[in-house]
Amino acid sequence: MAKHPLPMALAKVMIAAAWADGELNLEEINDLKRLLAELGQTGGQLALTAEEWAELEIYLHTPVEAAERARLVAELRDLIATPAERRLAISAIDRLLAADRVLTPAERAVAQEIHDALEHDSHSLLHQIGRAFRLALGIRARGPNREDLLPEFLRNRIYYSLHMRLGQQIDELGINQDEVYVLALAGGLLARVAQIDERVTSAEHDQIVAILQEWWHLDYARATLVAEVALAESSASLDFFRLAKEFANTTTVEQRERFLDALFAVALADGELSGVESAEISRITAAINLPHDRFVAARMRFPRQPGKRL
């Protein structure tokens with residue numbers, strides 16, 4: 001639990017403000033992290049723990065829309081207890097938006113929206129009573145809250161992205177939630193093999209789709225959606241080790257042994273098995289808690305290529 005909830009609430013609003021124009025590039029992310037670190041150094045209670053920094057990644061992952069931003073601002077407003085804290089929050093947001101020296105109309109509008117929300121009736125007795133009541137009862141502001149899926153975001157980024165893409169329509173995949181969870185993990189590992197040589201051929205893409213169709217009885221459109229989400233997440237900063245361990249924890253030994261065939265099928269989709277692909281499948285084999293002889297057995301089930309050795 002946070003030592004003090006204010007820094008996390010302020011950090012979330014700052015990220016929401018940075019998404020004002022619908023884009024957040026690496027330079028802006030670095031400016032944001034630098035400013036948050038400075039705030040932590042200048043005010044002891046504003047320092048964030050490593051765990052809190054990890055949780056903030058969920059807001060850096062995809063744009064924060066207006067309704068969710070309003071919820072985050074309302075929560076920050078309730079946590080601000082003094083005029084000094086209010087001035088600090090507003091100053092931090094203004095500094096962030098001005099970091100690139102170009103304030104777009106969208107950023108200017110969001111900055112004004114946050115100013116107005118934090119200042120509006122903040123000093124009134126009615127607001128202070130309501131604030132104390134909400135904090136005492138743990139009542140949170142209404143609005144979209146991606147943190148409901150925070151455990152999934154931390155453990156299985158592909159499942160989280162599918163859930164965010166499909167919302168309630170995730171049930172239309174036609175399989176239960178546990179199977180969707182494993183499906184997402186499998187998609188990530190298949191995508192890992194396809195991308196290990198820094199390119200994904202159409203044959204590799206189509207092979208992933210075919211595997212998802214066959215193993216999970218998905219139609220082409222749904223299998224393609226899962227494949228594309230998996231490929232997109234795998235090309236980003238996906239935690240491979242966590243992905244593999246989650247797959248090992250949610251499948252049987254027999255399922256994982258069969259899955260090695262799927263990994264080799266993707267690697268051989270374009271007609272050849274490169275050394276880097278073979279090495280990656282060997283690494284995945286170990287990461288999903290299978291002995292090396294299972295890797296060798298799976299490789300032997302595929303035709304040996306002329307001049308190639310295990």
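Sequence positions are assigned chain by chain, starting from 1 and proceeding in written order. At least 70 in pLDDT is required for a residue's local features to be given in this predicted model, at least 80 for side-chain atom pairs to be given and counted, and no such filter applies to totals for whole chains, interfaces and linings, which use all residues. For the side-chain quantities, the full set of heavy atoms in the structure was used; hydrogens and water were omitted.

A word on the environment of Val253. Inspection of the secondary structure puts Val253 in helix α14 (residues 253-267). For Val253 and Ile288, which are 35 residues apart along the polypeptide, the C-alpha to C-alpha distance reads 9.1 Å. Working definition: helices are DSSP H or I runs of at least four residues, strands are E runs of at least two. Numbering for both runs from the N terminus.

What follows concerns the packing of helix α10 (residues 177-195) against helix α15 (residues 275-287). For any two helices packed against each other, one specifies the inter-axial angle together with the distance between the axes. Comment: axis = line fitted to C-alpha atoms, over the contacting stretch for helices; angle = value between 0 and 180 degrees taken between N-to-C directions. Two elements in contact, α10 and α15, have axes whose closest approach is 9 Å; the angle formed by their N-to-C orientations is 155°. Relative to α15, the element α10 is oriented roughly antiparallel. Considering only the axes of α10 and α15, their crossing is right-handed. Residues Leu189, Arg192 and Val193 of α10 form the contact with α15, whose participating residues are Glu277, Glu280, Ile281, Arg283 and Ile284. Under this scheme an angle from 65 to 115 degrees is roughly perpendicular, one under 35 degrees roughly parallel, and one over 145 degrees roughly antiparallel; angles in between are oblique. A crossing counts as left-handed when the near helix is turned anticlockwise from the far one by less than a right angle, and as right-handed when that turn is clockwise. Should any heavy atoms of two residues lie within 4.5 Å, those residues are considered in contact.

This paragraph deals with the packing of aromatic side chains. Two rings from Phe, Tyr or Trp (for Trp, the six-membered ring) form a pair when their centres sit within 6.5 Å of each other. Planes less than 30 degrees apart are called stacked, planes more than 60 degrees apart edge-to-face, and all others tilted. For the coordinates displayed, the defined rule picks out six aromatic pairs. Considering the side-chain rings of Phe153 and Tyr160, the 5.0 Å spacing of their centres and the 80° angle between planes classify their relative orientation as edge-to-face. Both residues of the pair, Phe153 and Tyr160, belong to the buried class. Pairing Trp215 with Trp216 gives two aromatic rings, centres 6.2 Å apart and planes at 35°, and the pair type is tilted. Remark: exposure states derive from per-residue accessible area (1.4 Å probe, protein chains only) relative to the maximum for the residue type, with buried under 20%, exposed over 50%, and partly exposed in between.

As a further point, take unusual backbone geometry. A positive phi angle, near 65°, is found at Glu198, a position not held by glycine. Take Glu198: it is sitting in the loop between α10 and α11 (202-216). For Glu198, a relative accessible area of 76% translates into the label exposed.

The subject of this paragraph is the nonpolar core. Buried Ala, Val, Leu, Ile, Met, Phe, Trp, Tyr and Cys residues form a nonpolar core when they are joined through side-chain atoms within 4.5 Å. Ranked by size, the top nonpolar core spans 55 residues in total, and within it Leu189, Leu190, Leu212, Leu263 and Ile288 carry the most contacts. Contributions of two or more residues to this core are made by α9 (157-166), α10, α11, α12 (220-234), α13 (240-249), α14, α15 and α16 (292-300). Here this core gets 12 residues from one element, more than from any other, and that element is α10. Residues in contact with Leu263, not counting those within four places in the same chain, are Leu189, Leu190, Val193, Ile281 and Ile284.

Here α9 lies mainly inside the structure; eight of its 10 residues are buried. If you check which residues of α9 are buried, you get Arg157, Ile158, Tyr159, Tyr160, Ser161, Leu162, His163 and Leu166. Structurally, α9 contributes buried residues whose contacts are with α3 (50-61), α8 (150-155), α10, α12 and α13.

So, about the side chain of His205. Its place among the elements puts His205 in helix α11. A relative accessible area of 17% means that His205 is categorised as buried. In this view, His205 contacts Val200, Thr224, Glu228 and Leu231; residues no more than four positions away in its chain are not counted.

Right, let's get into the environment of Ile90. Relative to the helices and strands, Ile90 resides in helix α5 (residues 83-97). Take Ile90: its relative accessible area is 11%, and that puts it in the buried class. In sequence terms Ile90 and Leu118 are 28 residues apart; their C-alpha atoms lie 8.1 Å from each other. For Ile90, the contacting residues outside a window of four places in its chain are His115, Leu118 and Glu119.

It is worth spelling out the packing of α11 against α12 at this point. For the pair α11 and α12, the least separation of the axes is 8 Å and the interaxial angle reads 125°. When the axes of α11 and α12 are compared, the pair comes out oblique. Crossing handedness for the pair α11 and α12: right-handed. Residues His205, Ile208, Val209, Leu212 and Gln213 of α11 pack against Tyr220, Ala223, Thr224, Val226, Ala227, Glu228 and Leu231 of α12. Across the contact of α11 with α12, the residue classes tally to eight nonpolar, three polar and one charged. Classification used: nonpolar for Ala, Val, Leu, Ile, Met, Phe, Trp, Tyr, Cys and Pro, charged for Asp, Glu, Lys and Arg, polar for all others including Gly.

Here we come to the pattern of salt bridges. Salt bridges are identified by distance alone: a Lys or Arg side-chain nitrogen within 4 Å of an Asp or Glu carboxyl oxygen. On inspection of all chains with the given rule, the structure shows 16 salt bridges. Its salt-bridge partner being Lys33, residue Glu57 comes within 3.6 Å of it at the nearest N-O pair. In this pair, Glu57 sits in helix α3 while Lys33 sits in helix α2 (residues 26-42), placing the two residues 24 residues apart along the sequence. Owing to a relative accessible area of 31%, Glu57 belongs among the partly exposed residues under this scheme. The partner of Asp293 in a salt bridge is Arg294, and the shortest N-O contact between them spans 3.4 Å. Here Arg294 falls in the partly exposed class, since its relative accessible area comes to 30%. Residues joined by salt bridges that share partners form a network here, namely Glu68, Arg71, Glu75 and Arg146.

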